[in-house]
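Close look at the chain arrangement
Here is how the chains run, residue by residue.
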Amino acid sequence: MFYRVLRSLFFLTILLAPIAARADDTQSAKPAAPRDLTTLRAEFPKLDATREAAKPHSKERAAAAQQAAQTASDIGWLLFEKGESAEAANWFARAAALRTESYEQARAYWQE
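Residues numbered from 1 in each chain as written. Predicted model: local features only at pLDDT ≥ 70, side-chain atom pairs only at ≥ 80, totals over all residues. Heavy atoms only, no water.

What the rule picks out here adds up to eight salt bridges. One salt bridge connects R61 with E101, and the closest N-O pair in it is separated by 3.1 Å. One end of the pair, R61, is in helix α3 (residues 59-82); the other, E101, is in helix α4 (residues 85-111), and 40 residues separate them in sequence. On the accessibility criterion, R61 (11% relative accessible area) is buried. Among the residues examined, E101 registers a relative accessible area of 14% and is labelled buried. Among the ionic contacts, a cluster of salt bridges with common partners joins D48, R51, E52, R61 and E101. (Salt bridge = Lys/Arg side-chain N within 4 Å of Asp/Glu carboxyl O. Helix = DSSP H or I, 4+ residues; strand = E, 2+ residues; numbered from the N terminus. Buried < 20%, exposed > 50% of the residue type's maximum accessible area, 1.4 Å probe, protein only.)

For the rest of this paragraph, the subject is the packing of helix α2 (residues 37-53) against α3. The geometry of α2 relative to α3 is characterised by a closest axis approach of 9 Å and an angle of 155° between their N-to-C directions. Comparing their axes, α3 and α2 come out roughly antiparallel. For the pair α2 and α3, the crossing hand works out as left-handed. Here α2 contributes L37, L40, R41, E43, F44, L47, T50, R51 and E52 to the contact with α3, which in turn contributes R61, A64, A65, Q67, A68, T71, A72, D74, I75, L78, L79 and K82. (Axes fitted to C-alpha atoms, helices over the stretch in contact; angles between N-to-C directions. Parallel < 35°, antiparallel > 145°, perpendicular 65-115°, else oblique. Left-handed = near helix turned anticlockwise from the far one by under 90°. Contact = heavy atoms within 4.5 Å.)

On the secondary structure map, D48 appears in helix α2. By relative accessible area, which is 23% here, D48 ends up partly exposed. Taking the C-alpha atoms as reference points, D48 and A68, separated by 20 residues in sequence, lie 6.1 Å from one another. Engagement of the side chain of D48 in a polar contact is seen with the side chain of R51, the distance being 2.7 Å. (Polar contact = N/O pair within 3.5 Å; in protein donor to acceptor, adjacent residues only side chain to side chain.)

What follows is about α3. Between its first and last C-alpha atoms α3 spans 35 Å; for 24 residues at 1.5 Å apiece the expected length is 34 Å, and the two agree. If you check which residues of α3 are buried, you get R61, A62, A64, A65, A68, A69, T71, A72, S73, I75, G76 and L79. Those residues of α3 that are buried lie in contact with α2 and α4. Backbone geometry just downstream of α3 places G83 in the positive-phi region, at approximately 95°. (Expected span 1.5 Å × (residues − 1).)

Honestly, that's just the spatial picture; any functional story needs more than this.
Set out below in structure tokens:
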């Protein structure tokens, strides 16, 4: 009898441990600070210049293009939320082009 209770508690502990660990992870994760439109617009030319300066067909260029694409997408969403859909569409198009470049640069790097 005692053995069955002990075994049940052991298995219950094994089953609940991942749930408790996941709860701790979600509580300790801090959300990223929101970035405003002016900060993103000032940051984008720097990221784009970093992308242009990176060696073609390199991991660095692919990563820089991905960062620039994410920033362009963030700008597009902020503009869309403000109701400036035409300008937002331009930023989304720029983000799509940068994501394509990131993919192509990464593929070229891994093929070399």
